[in-house]
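The residues making up each chain are set out below.
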Amino acid sequence: MDKKLLLFDVDGTLTPSRGVASSEMCDILKSLYNDENLVIGFVGGSNLPKQHEQLGDCMNYFNYWFPENGLVAYKNGVEFFTSDLMSFFTEDSLKELINFSLHYMADLDIPVKRGTFFEYRTGLINICPVGRDCSQKEREDFFKFDCEHKVRENMIVELRKKFPDLDLHYSIGGQISFDVFPKGWDKTFCLNHFDLGEFSEVHFFGDKTELGGNDYEIFCDSRVVGHSVKSPQDTIDILKLEFLK
Ligand SMILES: [Mg+2]
């Protein structure tokens, strides 16, 4: 009962944004992993190959891996759980959402449209009015246009009106798109894989803990002690101070 669970966001928390983990970070994770009173896991929105790219050999110093916010789950390197959007949608309800979104985007009058307006992923749907195939310049132009004309915000208002019975969460992130996913399928989803009563404390470290950020829900969860970090160095400093003997 004196075991503690430590959970970490990956990007911006263990690694620099879109970068790889430092050797210092790896050494610290190894020390935590070797402490028999600690159980260590990471949880991020990306898939496992992307997380492996960023964490490299540090992956070995985690008891738990949670790609896709824990919709896919590994213990000691072995997958023990996997789910996807079709455990939430029926074919009919998904089709209705796709049809409505494509019709809505077809009628949008925006300066530029390219390809890939709708992306179906394991745990979320990504909707992109300009199309994900746009160039960097087109991306920046859309972002400016969207700040002024609220294209994404307005579309979310219409989706909420159209699908009041689907318990969906809408999240605007980045410059060109927004995500749609079932409520609760944020990082708190990974907590479902534990009997939290087995731990004296559960800690989470993340860099996007403000409202609207992708660490917000788990950071605020009453079962979790949240740590808001500004960088991987910040994470290292807290770990040295609080968890390394
Ligand atoms: Mg992050």
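One numbering rule holds for all chains: residues counted from 1, following each sequence as written. Note on the predicted model: pLDDT of at least 70 is required for a residue's local features to be given, and 80 or more for side-chain atom pairs to be given and counted; whole-chain, interface and lining totals, by contrast, use all residues. The side-chain numbers reported here are obtained from all heavy atoms of the structure, hydrogens and water having been left aside.

**So, the overall build of the chain**
So, point 1. A run of DSSP states H or I qualifies as a helix once it reaches four residues; a run of E qualifies as a strand once it reaches two. Both are numbered from the N-terminal end. From N to C terminus, the chain includes seven helices and eleven strands.
So, point 2. The quantity called the radius of gyration is restricted to C-alpha atoms. Its globule counterpart is 2.2 Å times the number of residues to the power 0.38. Computed over C-alpha atoms, the radius of gyration of the chain comes to 19 Å, within 12% of the 18 Å expected from 2.2 N^0.38 for 245 residues, which places it in the range of a compact globule.
So, point 3. Taking the principal axes of its C-alpha atoms as reference, the chain extends roughly 60 × 40 × 30 Å.
So, point 4. Among the 245 residues that make up the chain, the fraction classed as buried is 47%. Here the term buried applies to any residue with accessible area under 20% of the maximum for its type, exposed to any over 50%, and partly exposed to those in between, with areas from a 1.4 Å probe on protein chains only.

**Description of the packing of aromatic side chains**
Pairs of aromatic rings are described using the distance from one ring centre to the other and the angle between the two planes.
So, point 1. Between rings of Phe, Tyr and Trp, where Trp is taken as its six-membered ring, a pair exists when centres lie within 6.5 Å; planes separated by under 30 degrees are stacked, by over 60 edge-to-face, and by other angles tilted. Overall, the coordinates contain 17 aromatic pairs when judged by the stated rule.
So, point 2. With 6.5 Å between their ring centres and 80 degrees between their planes, Phe8 and Phe62 make a pair best called edge-to-face. With Phe8 in strand 1 (residues 4-8) and Phe62 in the loop between helix 2 (48-55) and strand 3 (64-66), this residue pair connects regions lying 54 residues apart in the sequence. As far as the burial class goes, Phe8 and Phe62 line up, both buried.
So, point 3. Consider the rings of Tyr64 and Phe80, whose centres lie 6.3 Å apart with planes at 75 degrees: the pair is edge-to-face. With Tyr64 in strand 3 and Phe80 in strand 5 (residues 78-82), this pair connects stretches of sequence that are 16 residues apart.
So, point 4. Judged by its relative accessible area of 11%, Tyr64 falls in the buried class.
So, point 5. Counting every residue linked through ring pairs, the aromatic cluster contains Phe8, Phe42, Phe62, Phe205 and Phe243.

**A closer look at the domain arrangement of the chain**
As a measure of interface size, the accessible area lost when the parts come together is often cited.
So, point 1. According to the domain assignment, the chain consists of domain 1 (4-83 + 186-242) and domain 2 (89-182).
So, point 2. Each of domain 1 and domain 2 has a C-alpha centre, and the two are 29 Å apart.
So, point 3. Contacts between the two partners involve five residues from domain 1 and, on the opposite side, four residues from domain 2.
So, point 4. Counting the surface lost from both domain 1 and domain 2, the interface buries some 350 Å², and carbon and sulfur atoms represent 51% of this.
So, point 5. In this description, buried area is defined as the sum, over both parts, of the accessible area (probe of 1.4 Å) that is lost when the two are combined. When residues of domain 1 are sorted by the area they lose upon contact with domain 2, Glu68, Leu71 and Asp186 head the list and together hold 62% of the total.
So, point 6. By convention in these notes, a salt bridge is any Lys or Arg side-chain nitrogen within 4 Å of a carboxyl oxygen on Asp or Glu. Linking domain 1 to domain 2 there are zero salt bridges.
So, point 7. The term polar contact refers here to a pair of N or O atoms within 3.5 Å; inside protein, the definition further demands a hydrogen-donor-capable atom paired with an acceptor-capable atom, and it admits residues adjacent in sequence only when both atoms are side-chain atoms. Viewed at the interface, domain 2 and domain 1 are joined by one residue pair in polar contact (both at pLDDT 80 or more). The domain boundaries here were taken from an automatic or database domain assignment. Residue contacts are counted whenever heavy atoms from the two residues lie within 4.5 Å of one another.

**Description of the coordination of the magnesium ion**
So, point 1. We call an atom a donor if it is N, O or S and sits within 2.8 Å of the metal, or 3.2 Å for Na, K and Ca. Water is not counted, so some sites may look partial. Protein-derived ligands of the magnesium ion are Asp9 (OD), Asp11 (O) and Asp207 (OD), with the metal-ligand distances lying across 2.2 Å.
So, point 2. With relative accessibility at 28%, the residue Asp11 sits in the partly exposed group.

**Re the environment of Gln136**
So, point 1. Within the secondary structure layout, Gln136 lies in helix 4 (residues 136-149).
So, point 2. At 2.7 Å, the side chain of Gln136 and the side chain of Glu140 are in polar contact.

**Focus on the sheet that holds strand 2 (residues 38-43)**
So, point 1. Spatially, 5-4-3-2-1-10-11 is the arrangement adopted by the seven strands of the open sheet, whose pairing is mixed. Only two strands of the sheet have a single partner each, and these edge strands are strand 5 and strand 11 (225-228). Here the strands of the sheet are splayed against their neighbours by 20 degrees on average, with no regard to which way each runs.
So, point 2. Pairing analysis gives two bridges linking strand 3 to strand 4 (residues 72-75), with the strands arranged antiparallel. The residue bridging Tyr64 from the neighbouring strand is Lys75, located in strand 4.
So, point 3. Packed on one face of the sheet, helix 2 meets strand 2, strand 3 and strand 4 and runs near 115 degrees to strand 2. Pairing between strands requires that DSSP locate at least two bridges from one strand to the other. Throughout, an axis means a line fitted to C-alpha atoms (over the contacting stretch in the case of helices), and angles, computed between N-to-C directions, take values from 0 to 180 degrees.

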